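# Summary of the model geometry
In case you want the letters, here they are:
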Amino acid sequence: MVFAVNEINQDPSILPNTTLGLHVYDTCLITRIAIEGCLPMLTGQERAILNYQCNRRSPITAIIGELSSTVSMSIATLLGLYRYPQVSHYSTSPLLNNKAEFPSFFRTIPSDDSQAQGLLLHYMKKVHFKNKMEEEIFFDRYGNPPAIYDVINWQPGHDGSIHFVKVGTFDTREASGHELYLNKSAFQWTKQGKEAPRSVCSESCIPGYHKAARLGQPVCCYDCIPCAEGEVSKKRDSSKCLPCPGGQWPNERRSDCVPKRLEVLSYNDPLGAALTATVVLSSFMTMMFLCIFIKFQDTPIVKANNRNLTYLLLGALLISSLCALFFIGEPQSITCLLRHSTFGIVFVICISCVLAKTLMVVIAFNATKPGSKMRKWLGPWVPIVTVSVCTLIQALISGSWLLLCPPFPEKNMTLKTGVIILQCNECSETAFWLMLGYMGLLTCVSFLVAFLARKLPDSFNEAKWITFSMLVFLSVWLSFIPGYLSTQGKYMVAVEVFSIVSSSAGIAICIFLPKCYIILLRPDLNTREQLLWKKASNNKKEKRI
């Protein structure tokens, strides 16, 4: 300490026009001796006179306290009684020692001597120099020197002794963020190696997991629990998992949120493309049947099958096949409104035409009997009334559905995990099943009438082919119900599209393929004489029966 004071006094660049003096007392690490040495400095007499200051010399500028905190804090308490101010104490530890090995500082200036206080702070703020060891020395605005510490590592020796090895420094004079320097290669934690011992009892939890504390154990002991479905943890050692925002879902590792996969029966989808091809093929076949009947409309077989009703049936079958396209592609407001209502009305037209054709077969056969009263029912108004009334009922059902609870497009995020299903919300399941139920009822009536009339004469009879077509229709839609209820998303839509196409194609093939075969490949059977001969032959068989 004496050496440091002499160096400062001899160098005029450090504290110009200022001379430092000092009093040194040995505390012997005893609090009582430290206080006894402090009192004469405060009172100015060798014999301490409490509450008086008899010192006529320059005021005390600073007191450098004992290294021990206990002794230093006792001195600080005493200084407070004499109204000395802001005590600054830097405690030390085995790992952090003051580089210059100086004890802690107490800067104590009498509060009533503002001139001395201002003079000291003025000069201390200007102090900035390098000592003989090329170390930079300065004081901050509070008069505190830079904090410079050595980082010491206790290293065990082979003989059991402990060696204190410098492994780094802490220097506040360095740039922000670079104050601490550690030489990691110089560390030695155990006799076996340089690896730092683990301070926790559990491995770090990777993203996708969260920490769960173990009951009755320290906080550093925990289990890594996978995030629940729909939640993620993006950082290591997360205390909890967080849910993904709407429209997103965790990735496979549940470490991040990713957009949910969109599911829709589109034209680009292999299933959607296959169904689209099936719709086009069915529509082309129906169109071909219609063209054949129009081209050969004056032939006996076409005339005998009620041409106008046949054209209406083929047109309705064509439209019903094309209605399946409303179900493919991303749902829109207009497609959701039209697809079931249009399909339901058009399909009822098909079934009512089939029913009307069956009724006409029965009426025509009975009208040929002598004295029959069925002749008055042979007019064109019977099929017109049948088709109109049956279609009107379905139109009322569909119209009420659209007015009271119209279907609308929606994004269903809850039906499948990690998938957004683009679908039409039917709004009213009751209306949907009522529409299908009415179609089923009408089909059953057509099937029953056609089945009872299946053995009527062939010249008039389409009943057995109608029976087959209604049997196909019923089989398809009875299979549709469990398939529709057991599937979700685009597969549910695919089941409905397949049912529409297959039932339309089934009716067209069963009723019109045999007639087209005769028209195109057996024109010899498509004559008036052939029809009359069959009629006479059937009448003879009936008389014998």
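No experiment lies behind these values; they were computed from the predicted model shown.

Secondary structure summary: the chain contains 13 helices and 17 strands in total. Put simply, the chain has 545 residues, and 38% of those count as buried. As displayed, the chain offers around 32000 Å² of accessible surface, 61% of which is attributable to carbon and sulfur atoms.

Moving on to helix α10 (residues 429-452). Here α10 is 24 residues long and its end C-alpha atoms lie 35 Å apart, about the 34 Å a rise of 1.5 Å per residue gives. Of all the positions in α10, only A431, F432, M435, L436, Y438, M439, L442, T443, S446 and A450 are classed as buried.

Next up on the list: the nonpolar core. By size, the foremost hydrophobic cluster in this structure holds 63 residues, and its most contacted members are F343 and V497. Mapped by element, the contributors of at least two residues to this core are α5 (270-295), α6 (300-303), α7 (307-323), α8 (333-367), α9 (381-404), α10, α11 (463-486) and α12 (490-521). For this core, the leading source of residues is α12, giving 14 residues. If we ignore the near neighbours within four places in the chain, the residues touching V497 are L265, L275, V279, A324, F327 and I328. Judged by nonpolar contacts, the second largest core, of 11 residues, contains A34, C38, L42 and I75.

A word on the packing of aromatic side chains. Scanning all chains against the criterion turns up 16 aromatic pairs. On the basis of an interplanar angle of 40° and a centroid distance of 5.0 Å, the ring pair of F480 and Y484 is categorised as tilted. Taken together, the residues span about one helical turn, with F480 and Y484 both in helix α11 at a distance of four residues. When its relative accessible area of 1% is taken as the criterion, F480 is described as buried. One cation-aromatic arrangement involves K211 over Y222; the distance from NZ or CZ to the ring centre is 4.9 Å.

In spatial order, the strands read β15-β17-β16; together these three strands make up an open sheet with mixed pairing. For this open sheet the edge positions go to β15 (261-263) and β16 (408-416), each flanked by a neighbour on one side alone. On average, adjacent strands in this sheet sit at an angle of 35° to one another, irrespective of strand direction.

Between the first and last C-alpha of helix α3 (residues 69-81) there are 19 Å, a value that for 13 residues agrees with the 18 Å anticipated at 1.5 Å per step. The set of residues buried in α3 consists of V71, S72, I75, A76, L78 and L79. What you see down the axis of α3 is that its buried residues fit within an arc of 160°, all on one side. α3 presents T70, T77 and L81 as exposed residues on the side facing more than 90 degrees away from its buried surface.

So, on to the state of the cysteines. Evaluated as defined, the whole model comprises six disulfides. The disulfide partner of C201 is C221, and the S-S distance across this bridge is 1.8 Å. One end of the pair, C201, is in the loop between β8 (180-182) and β9 (209-213); the other, C221, is in the loop between β9 and β10 (222-226), and 20 residues separate them in sequence. Looking at C221, the relative accessible area reads 7%, which means it is buried. Two residues, C227 and C241, share a disulfide whose sulfurs are 2.0 Å apart. Measuring handedness by torsion sign, the sulfur bridge of C227 and C241 sits at about -75° and is left-handed. Of this pair, C227 sits in the loop between β10 and β11 (231-232) while C241 sits in the loop between β11 and β12 (242-243), and the two are 14 residues apart along the sequence. You'll find C227 and C241 in the same group, each marked buried. Here the bonded cysteines of the chain are numbered in sequence order, and their pairing is 1-3, 2-4, 5-6, 7-8, 9-11, 10-12. C221 supplies the cysteine sulfur nearest to C220, a cysteine that is in no disulfide, at a spacing of 4.2 Å.

Moving on to the pattern of salt bridges. Tallied over the full model, the rule gives nine salt bridges. Its salt-bridge partner being R307, residue D298 comes within 3.4 Å of it at the nearest N-O pair. D298 gets classed as exposed once you look at its relative accessible area, which sits at 57%.

This next bit is on the pairing of strand β7 (residues 162-171). Judged from the nine bridges that link them, strand β6 (residues 148-156) and β7 form a sheet pairing that is antiparallel. Bridging across to β7, D150 finds its partner in T169. Following β6, the chain reverses through five residues before pairing antiparallel with β7; G160 in that reversal takes a positive phi of roughly 95°. Judged from the three bridges that link them, β7 and β8 form a sheet pairing that is antiparallel.

Quick look at the confidence of the model for the chain now. Scored by pLDDT, the chain has a mean of 80; 82% of the residues are at 70 or more. The element-level mean pLDDT for the chain is lowest in strand β2 (residues 96-98), coming to 34, with α5 highest at 93. In the model, residues 87-113 has pLDDT below 50 throughout and makes 74 contacts with residues more than four positions away in sequence or in other chains. Between residues 538-545, whose pLDDT stays under 50, and residues either more than four places distant or in other chains, the model counts five contacts.

What counts as what
- Residues numbered from 1 in each chain as written.
- Predicted model: local features only at pLDDT ≥ 70, side-chain atom pairs only at ≥ 80, totals over all residues.
- Heavy atoms only, no water.
- Helix = DSSP H or I, 4+ residues; strand = E, 2+ residues; numbered from the N terminus.
- Buried < 20%, exposed > 50% of the residue type's maximum accessible area, 1.4 Å probe, protein only.
- Areas by Shrake-Rupley, 256 points an atom, 1.4 Å probe, with all protein chains shown as cover.
- Expected span 1.5 Å × (residues − 1).
- Core = buried A, V, L, I, M, F, W, Y, C linked by side-chain atoms within 4.5 Å.
- Contact = heavy atoms within 4.5 Å.
- Phe/Tyr/Trp six-rings, centres within 6.5 Å; stacked < 30°, edge-to-face > 60°.
- Lys NZ or Arg CZ within 6 Å of the ring centre and 35° of its normal.
- Pairing = 2+ DSSP bridges.
- Axes fitted to C-alpha atoms, helices over the stretch in contact; angles between N-to-C directions.
- Arc of directions from axis to C-beta.
- Disulfide = S-S within 2.5 Å.
- Salt bridge = Lys/Arg side-chain N within 4 Å of Asp/Glu carboxyl O.
- pLDDT = per-residue confidence, 0-100.

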